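Commentary on secondary and tertiary structure
Residue-level listing of the chains:
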Amino acid sequence: MLRARRWSTRLFNLQRQGRMGTTAPIDGEEAAVVGSAAAMDPAVDWAVPQYREPVGLSRFGDRVLLHTILYHLGHPDAGAYPPDIHVFPTQISIAAQIPHAVGLAWGLRLRGEPGAVLCYFGDGATSEGDFYEAANLAGVVRAPVILLCVNNSWAISTPVRLQTAAGSIADKAAAAGIPGVRVDGNDVVAVREATAAARRRALAGEGPTLIEAVTYRMGPHTTADDPTRYVPPEELAAWAERDPIARLGTRLEQAGLWDDDRQRAAEEDADRRFDAAFDAAQATPLRDDVFIDTAYASPTPQLERQRRLLHDERSRGAG
Amino acid sequence: MLRARRWSTRLFNLQRQGRMGTTAPIDGEEAAVVGSAAAMDPAVDWAVPQYREPVGLSRFGDRVLLHTILYHLGHPDAGAYPPDIHVFPTQISIAAQIPHAVGLAWGLRLRGEPGAVLCYFGDGATSEGDFYEAANLAGVVRAPVILLCVNNSWAISTPVRLQTAAGSIADKAAAAGIPGVRVDGNDVVAVREATAAARRRALAGEGPTLIEAVTYRMGPHTTADDPTRYVPPEELAAWAERDPIARLGTRLEQAGLWDDDRQRAAEEDADRRFDAAFDAAQATPLRDDVFIDTAYASPTPQLERQRRLLHDERSRGAG
Amino acid sequence: MATMTMLEAVRHTLHEEMARDERVMVLGQDVGTLGGVFRATEGLRDRFGAERVVDTPLSEGAIVGASLGLAWAGMVPVAEIQFLGFTHQAFHQVAGQLARIRARSGGRHGCQATLRAPFGGGVRAPELHSDSLEAQFAQCAGLKIAAPASAADAKGLLTAAIRDPDPVLVLEPLRGYRAIKDDVPEGEHIVPFGRAREVRGGDDCVIIAWSAMVQTCLRAALEVEEESGASIGVLDLRTLVPLDVEAIVAAAERTGRVVVAQEAPPTAGFASEVVATVQEEAFYALEAPIARVSGFDTPYPPAMLEERWVPDVSRVAAAVRRTLEARA
Amino acid sequence: MATMTMLEAVRHTLHEEMARDERVMVLGQDVGTLGGVFRATEGLRDRFGAERVVDTPLSEGAIVGASLGLAWAGMVPVAEIQFLGFTHQAFHQVAGQLARIRARSGGRHGCQATLRAPFGGGVRAPELHSDSLEAQFAQCAGLKIAAPASAADAKGLLTAAIRDPDPVLVLEPLRGYRAIKDDVPEGEHIVPFGRAREVRGGDDCVIIAWSAMVQTCLRAALEVEEESGASIGVLDLRTLVPLDVEAIVAAAERTGRVVVAQEAPPTAGFASEVVATVQEEAFYALEAPIARVSGFDTPYPPAMLEERWVPDVSRVAAAVRRTLEARA
Ligand SMILES: Cc1ncc(C[n+]2csc(CCOP(=O)(O)OP(=O)(O)O)c2C)c(N)n1
Ligand SMILES: Cc1ncc(C[n+]2csc(CCOP(=O)(O)OP(=O)(O)O)c2C)c(N)n1
Ligand SMILES: [Mg+2]
Ligand SMILES: [Mg+2]
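Just so we're clear, the structure is a prediction, and the values are computed from it rather than from any experiment. (Residues numbered from 1 in each chain as written. Chains lettered and ligands numbered in written order. Predicted model: local features only at pLDDT ≥ 70, side-chain atom pairs only at ≥ 80, totals over all residues. Heavy atoms only, no water.)

Tracing the sequence through the fold places B:T195 in helix α7 (residues 188-203). Among residues more than four places away in sequence, those in contact with B:T195 are B:S36, B:A39, B:M40, B:L118, B:I146, B:L148 and B:I211. (Helix = DSSP H or I, 4+ residues; strand = E, 2+ residues; numbered from the N terminus. Contact = heavy atoms within 4.5 Å.)

Dropping the structure here:
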């Protein structure tokens, strides 16, 4: 959690310095993301994120950070996770990843493979057809998928209250005939337990679960956003009191498992890892016509013609 | 109800004689359609149907039959209901009419007009994103709309059991935070009452209601379908016992309100009306380039050029 | 060789591919018990079981979107969309997801999924069942598009599609399902993508088309040839993406006169792409304006008017005559 | 006259139209309290209230579909789709519903609804935010498409769109929102659909474009004119549907040499339609192949590569030079 926040902050600062594209800070949502990922087995399970969670998915491999940095740099290798990293490329089209996660989970079962799939999406995503269609399909085929809604109370400037008249996001599970669970998304242990239970169901062939992790987006939607235009300061303050990292810190401190030294060490460790990943990201080679090679398994003749045109015009332009 | 079945049968027979395009028989679903329409006030309310219901919507005006016949003839005026007939053109794209109905209801309220909107769709339609998105939006804006699912147990060959794992279609209302009501769709009085209650809610500003009318498609999906390939005969037989028309007939007979003479008279009346409407449909003029005039409010210059081309080539071809 | 309708060829191919590779699965509305509304998937369910031949809920978006996930899990999904018009419900998944996932994953992981859909007019189908939407998909870079015009190609192109590592949309002409019948090679038969088929040679004019329009064009070619003695070729594109630019250019250079025929509305239809390509690559060989024959810039009309709307032999023949008569 | 950015012109127009006609309403994601992610709807909510300026749920399909119903109820909805890429989620509603409802109702009842969406590349936006999808919509007969290239036209075309009895998609260039700034007439200002704008005359070659590419083409024209002395015109189409065929043909006939520039991938892009039209209608005037300048047949790439991908001044200029040098 601490790492996720630290890394998210580092990305944010780099964006502010103009060294990084738009980023979407995770602040406040660390328990929901890190807690749920902690319940998964990265060797067999998969994570299918939206755009805000990847910085919190290092459970699925150290490389996830590198790819997250590449993503925000706008590097074409961002989604090129090696086969042993079971993370889907970052999704921008809201809710579009949910049917993928359902298909993946279903396919793993058909292939006789052992894993479950953890799919992340926001409260806003629960208004999209893709969410309902995918949840409904998952219910029918009993796909081993965990649909984890990070309800951070906002979709950009739209509060959940304007997103739906439903009593809760968890209530929406009824439409798919699957269990819906509401959990305190700022309590990392509770999130991990709810996810672990859903995973057990999934692996036992009992089908999907919808988990609503109730939390709060403590920062802006993205670096392009100005939340002071719409977030009520009292509301933000009230949630800041429930900051998931501070909360865990207090718990651990009380149990004698955490202190300022450890905090400092953890932060330094996080920074070191970030620095290394950032260096690796910056050193990642970039071919200027790679888009021609990654559109299809092999470029069509038209694309080869377009490649020649690109190089001709470039060399002419330069000459 | 009797009329609806009779007319549907007439359409079916005409199709079999090659005098009509594909039709979708209403058999078995008359109580759900006619009963719900009976709760509406055609002067202020609207009906937004799929394709199976129009033959049962004469509550909204005698002309509805004429337009229904035009539809199955493939005549371009089928959807040209005059302004006083508050029926939307027949919808083929499953569930696509649901957001229209929600927008219409919402708009009536914004315009300060008194009506409510009755939107029909099937059990199959409840798997489409449009259904969920529209229901959810309706819940948020409290649109005066009644979402009436005619659950006839089948979507072509797909039984409801494969359509969703939800306990019922009515359960899906929870996803939109609106009331979900399940009603015996073969009991015309029950359907009318449930619809009337939903209409009262709508007009009182209390928002939408989802009604699931549980019924059974006693015929083929359409004239192009062979249900013997998938409908279990026992199931069909069991539902035939609950035939909504026979059921109402028995009730009325017991109350001394129905007998064979009245039945015959009603059938003859239905046939007379059908014959008249069919004649009117056949006499409806058809301009062979009308599609050029109805694509836009007025044809674009390109379309005028295409009209000339059409006529040139036709006259050349004929010459 | 066996004589088959296009529909039989499709069914036969699905049987063969499912038998050959256990990762191949079929999913869609009514594909299982019913065997598909056109019976293209008939017998598959009994032979390969309900796990591999799946009657899905009525959700095109989920069918297509889940196919991507299934492919990533190592399955080879072949999804049937009941009519091409209803791919629009899944357009965001096709255009934004399946077509882009390889690029999004930096080339690491594609999506071996096939989408089959019947399309095209002429059978008095209800609204939205007859539309020719291929151009909208041709703008979805990352997707391939096959449009067979014969039963043999229905087999060869569908086989190629299922085995292709990229997502492929296979367009099956509604009015050809039963009306088109020809000899289909037995055993493995693959028609590679991006190779047009010369249906007939011709030196004075070439008509370029795909799918069911190929037959219409063939008849028009014969008609004009008979009446005028001019020699009229017909080129069947077979796949729109990738496009066989070489064959198109060769035919244009040989004849100097080109007609492109499609069922879609003219504006931004795929015929415009073919025209643009010809004039770009064979400009100096052209002796007459390239003519397009298309539907109209209106929604596809109801059944009573579709004969006026869908380009028929007489409209194609008229365009060929006009093109032959044009001064060089 | 007041100098405005395109974004200001859009906002100003929405204010004017909402003030003029109480049936006009604005709906979409974040259009209310926030005033839109680009602030195009800023101030509307405070001025006209939450009933007419509606923050909707995150459902493009419902936003567009409800707009049809709202229009039938007598409202005049102006829906903002946050980025054109996300109209794909509503593609079935645009193509199958809004565009067709007039034909479906036998001409009786249209759909006076406007969809506004920013699009186009060059601002390092995330995936799916930069795509130029106009050709896919141009195949949706029944829909009109406006693509302003100046602030004045942003006002004139948006006003025309809102008052048009047919559904209109208004494409607003992302990179023009703040970068394009010019004089906008005060008071009522309507730019009729289907009339292209001659940005500059030219006798030797004409570049045809729309939206943000017009500026790129203008710079390319000046560059080539300066270096070669040739006279290069630029024609801004303003609306793609309806298309100003007359102006296109006149420019082609005057110059004999035509370049069409777009941001979209070449295959089945709208430039192909323009090329097909020119060669059909002005064939005998053409002295050189019509050149297309486009993106690539790949998904729009991530930010680090977009400068390679989006056609820039040098690529347009290269195409103009090639076209000027081509033998007649
Ligand atoms: C289909 C689609 N529509 C609109 C957008 C623009 N958009 C980006 S983020 C966002 C809000 C998402 O809210 P939520 O799902 O709650 O996720 P959060 O940002 O809160 O993590 C919107 C509307 C998009 N990316 N995709
Ligand atoms: C979007 C869409 N997908 C698929 C179809 C093909 N189709 C026509 S009717 C039908 C089944 C509809 O079932 P249901 O909604 O239960 O209505 P019913 O026919 O039972 O009245 C299907 C799949 C369609 N018309 N529209
Ligand atoms: Mg959120
Ligand atoms: Mg049904």
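The structure having been displayed, the exposition proceeds.
Here we take up the coordination of the magnesium ion (ligand 3). In ideal tetrahedral geometry, four donors around a metal make angles of 109.5 degrees, whereas ideal octahedral geometry with six donors gives angles of 90 or 180 degrees. All names here are of chain A. Around the magnesium ion (ligand 3), the protein supplies D123 (OD), N152 (OD1) and W154 (O) as donor atoms, at distances of 2.1 Å. Spacing between the donor residues of the magnesium ion (ligand 3) along their common chain follows D-x28-N-x1-W. In this structure N152 comes out as buried when scored by relative accessible area, which is 4%. (Donors = N, O, S within 2.8 Å, 3.2 Å for Na, K, Ca; no water. Buried < 20%, exposed > 50% of the residue type's maximum accessible area, 1.4 Å probe, protein only.)

All right, on to the domain arrangement of chain A then. In terms of domain boundaries, chain A breaks down into domain 1 (2-286) and domain 2 (291-319). Centre-to-centre separation of domain 1 of chain A and domain 2 of chain A, based on C-alpha positions: 37 Å. (Domains from an automatic or database assignment.)

Below, the discussion takes up the interface of chain D and chain C. The interface is formed by 52 residues belonging to chain D together with 52 residues belonging to chain C. Taking both sides of the interface into account, the surface hidden between chain D and chain C amounts to around 4,200 Å²; carbon and sulfur atoms contribute 55%. For the chain D face of the interface with chain C, the top three residues by lost area are D:R100, D:Q139 and D:Y284, together amounting to 18%. Taking the shortest distance from any N to any O, the salt bridge between D:D131 and C:R100 comes out at 2.9 Å. Scanning the region where chain D abuts chain C turns up 23 residue pairs in polar contact (both at pLDDT 80 or more). Elements supplying a minimum of two residues to the side of chain D that touches chain C: α4 (91-98), α5 (101-104), α6 (134-138), α11 (270-281) and β14 (291-293) of chain D. It is α11(D) that contributes the most residues to the side of chain D that touches chain C, 8 residues altogether. Counted by class, the side of chain D that touches chain C contains 28 nonpolar, 14 polar and 10 charged residues. (Buried area = accessible area lost by both parts, 1.4 Å probe. Salt bridge = Lys/Arg side-chain N within 4 Å of Asp/Glu carboxyl O. Polar contact = N/O pair within 3.5 Å; in protein donor to acceptor, adjacent residues only side chain to side chain. Nonpolar A, V, L, I, M, F, W, Y, C, P; charged D, E, K, R; others polar.)

Residue and element names in this part refer to chain C. The assigned domain composition of chain C is domain 1 (2-184) and domain 2 (197-325). Using only C-alpha atoms to locate each centre, domain 1 and domain 2 end up separated by 26 Å. Counting the surface lost from both domain 1 and domain 2, the interface buries some 2,000 Å², and carbon and sulfur atoms represent 55% of this. Viewed at the interface, domain 2 and domain 1 are joined by 3 salt bridges. When the shortest N-O distance is used, the salt bridge between D153 and R197 registers 3.5 Å. Inspection of the domain 1/domain 2 interface yields 11 residue pairs in polar contact (both at pLDDT 80 or more). Elements with a contribution of two residues or more to the side of domain 1 that touches domain 2: α6 (134-138), β6 (144-146) and α7 (151-163). Counted by class, the side of domain 1 that touches domain 2 contains 14 nonpolar, 6 polar and 6 charged residues.

Counting residues at the interface gives 37 residues for chain B and 41 residues for chain D. Interface of chain B and chain D: buried area, both sides summed, is about 3,100 Å²; carbon and sulfur atoms make up 63% of it. When the shortest N-O distance is used, the salt bridge between D:E51 and B:R109 registers 3.6 Å. Seen at the junction of chain B and chain D, the total is 12 residue pairs in polar contact (both at pLDDT 80 or more). Elements supplying a minimum of two residues to the side of chain B that touches chain D: α4 (97-110), α5 (129-141) and α12 (301-318) of chain B. It is α4(B) that provides the largest number of residues to the side of chain B that touches chain D, a total of 9 residues. Here the side of chain B that touches chain D is built from residues that sort into 21 nonpolar, 11 polar and 5 charged.

Glancing now at the site of ligand 1. Neighbouring ligand 1 are 22 residues; A:Y51, A:R52, A:G124, A:N152 and D:E60 lie closest to it. Around ligand 1, the neighbouring residues derive from chains A and D rather than from a single chain. Within the contact set of ligand 1, an oxygen atom lies 2.9 Å away from a side-chain nitrogen or oxygen of A:D123. (Near = heavy atom within 4 Å.)

All names here are of chain D. By secondary structure assignment, the location of R116 is in strand β5 (residues 114-119). The spatial distance from the C-alpha of R116 to the C-alpha of F283 is 36 Å, given a sequence separation of 167 residues. Contact partners of R116, with chain neighbours within four places excluded, come to V10, L14, A40, T41, V78, A79, E80, I81, L158, V170, E172 and Y177. Of the polar contacts made by the side chain of R116, one reaches the side chain of E80; its length is 2.8 Å.

Bringing the relation of the copies chain D and chain C into the picture now. What relates the pair of chain copies is a rotation about an axis plus a shift along that axis. The transformation that overlays chain D on chain C combines an axial shift of 0.0 Å with a rotation of 180 degrees, and the residual RMSD is 0.0 Å. Both chain copies can therefore be described as sitting about a two-fold axis. If distances are taken from each C-alpha of chain D to the rotation axis, the shortest is found for D:Q136, at 2.3 Å. With an isologous cut-off of 70% or more, the 100% of interface residues of chain D that recur at the interface of chain C puts this contact in the isologous class. (Least-squares fit on C-alpha atoms with pLDDT ≥ 70 in both.)

Inspection of the region around ligand 2 gives 22 residues, with B:Y51, B:R52, B:N152, B:W154 and C:E60 positioned closest. Each of chains B and C places residues next to ligand 2. Within the side chain of B:Q50, an N or O atom sits 3.2 Å from an oxygen atom of ligand 2. At 2.8 Å from an oxygen atom of ligand 2 is found a main-chain nitrogen or oxygen belonging to B:W154. Considered on its own, ligand 2 offers 580 Å² of accessible surface; in the complex 97% of this is hidden by protein. Taken together, the residues of the shell around ligand 2 break down into 9 nonpolar, 9 polar and 4 charged. (Areas by Shrake-Rupley, 256 points an atom, 1.4 Å probe, with all protein chains shown as cover.)

Turning our eyes to something else, we now look at helix α9 (residues 213-228) of chain D. Residues and elements named next belong to chain D. Its 16 residues give α9 an end-to-end C-alpha distance of 22 Å, which sits within 8% of 22 Å, the value for a rise of 1.5 Å per residue. Packing partners of the buried residues in α9 comprise β9 (197-200), β10 (205-209), β11 (232-236), β13 (258-261) and α13 (313-325). With its phi angle positive at about 80 degrees, G229 sits one or two positions after the end of α9. (Expected span 1.5 Å × (residues − 1).)

With that settled, the discussion passes to empty space enclosed by the protein. Applying the stated criterion across every chain, the model contains 19 cavities of 30 Å³ or more. Roughly 480 Å³ of volume is contained in the largest cavity. If you go around the largest cavity, you meet 31 residues; those closest to its centre are B:Y71, B:G74, C:E127, C:P302 and C:A303. In terms of residue count, the dominant contributor to the lining of the largest cavity is helix α3 (residues 63-73) of chain B (5 residues). Class assignment of the residues belonging to the lining of the largest cavity gives a composition of 17 nonpolar, 10 polar and 4 charged. (1 Å grid on protein atoms, 1.4 Å probe; cavity = no way out; pocket = protein on both sides within 12 Å on 5 of 7 lines; lining within 4 Å. Points joined across faces, edges and corners; volume = space filled by probe spheres on them.)

In this section: the pattern of salt bridges. Enumeration over the complete set of coordinates arrives at 104 salt bridges over all chains. For A:D288, the salt bridge is made with D:R308, and the minimal N-O distance between the two is 3.5 Å. Of this pair, A:D288 sits in the loop between α10 (260-283) and α11 (290-294) while D:R308 sits in helix α12 (residues 306-309), on two different chains. Residue classification places A:D288 among the partly exposed residues on the basis of a relative accessible area of 27%. Here D:R45 ties to D:D55 by a salt bridge, and the two come within 3.7 Å at their closest N and O atoms. In this pair, D:R45 is assigned in helix α2 (residues 44-48) and D:D55 in strand β3 (residues 53-55), connecting sequence segments 10 residues apart. Using a relative accessible area of 28% as the deciding quantity, one classes D:R45 as partly exposed. Put simply, A:R287, A:D289, A:D293, A:E304 and A:R307 are held in one network by salt bridges that share partners.

Moving on, we get to the sheet that holds β10(D). Residues and elements named next belong to chain D. The mixed open sheet is built from 5 strands, whose spatial order is β9-β11-β10-β13-β14. The open sheet has two edge strands, β9 and β14, and neither has a second partner. With direction set aside, neighbouring strand axes in the sheet form an average angle of 25 degrees. Where β10 meets β11, 5 bridges bridge the pair, whose relative direction is parallel. (Pairing = 2+ DSSP bridges. Axes fitted to C-alpha atoms, helices over the stretch in contact; angles between N-to-C directions.)

The next point concerns the packing of helix α1 (residues 6-20) of chain C against α7(C). Residue and element names in this part refer to chain C. Where α1 contacts α7, the axes come no closer than 8 Å and their chain directions differ by 30 degrees. Classified by chirality, the crossing of α7 by α1 is right-handed. Taken together, the residues of α7 that come into contact with α1 (itself represented by M6, A9, V10, H12, T13, L14, E16, E17 and R20) are A151, A154, K155, L158, T159, I162 and R163. Its residues assigned to classes, the contact of α1 with α7 comprises 8 nonpolar, 3 polar and 5 charged. (Left-handed = near helix turned anticlockwise from the far one by under 90°.)

Moving on: the packing of helix α1 (residues 2-16) of chain B against helix α10 (residues 260-283) of chain B. All names here are of chain B. Packing of α1 against α10 leaves a shortest axis separation of 9 Å and a crossing angle of 50 degrees. As the angle between them shows, α1 and α10 are arranged oblique. Considering how the two elements wind past one another, α1 and α10 form a crossing that is right-handed. Where α1 abuts α10, its residues L2, R3, R6, W7, R10, L11 and L14 lie against Q263, A266, E267, D269, A270, D271, R273, F274, D275 and F278. Grouping the constituent residues of the contact of α1 with α10 by class yields 8 nonpolar, 1 polar and 8 charged. (Parallel < 35°, antiparallel > 145°, perpendicular 65-115°, else oblique.)

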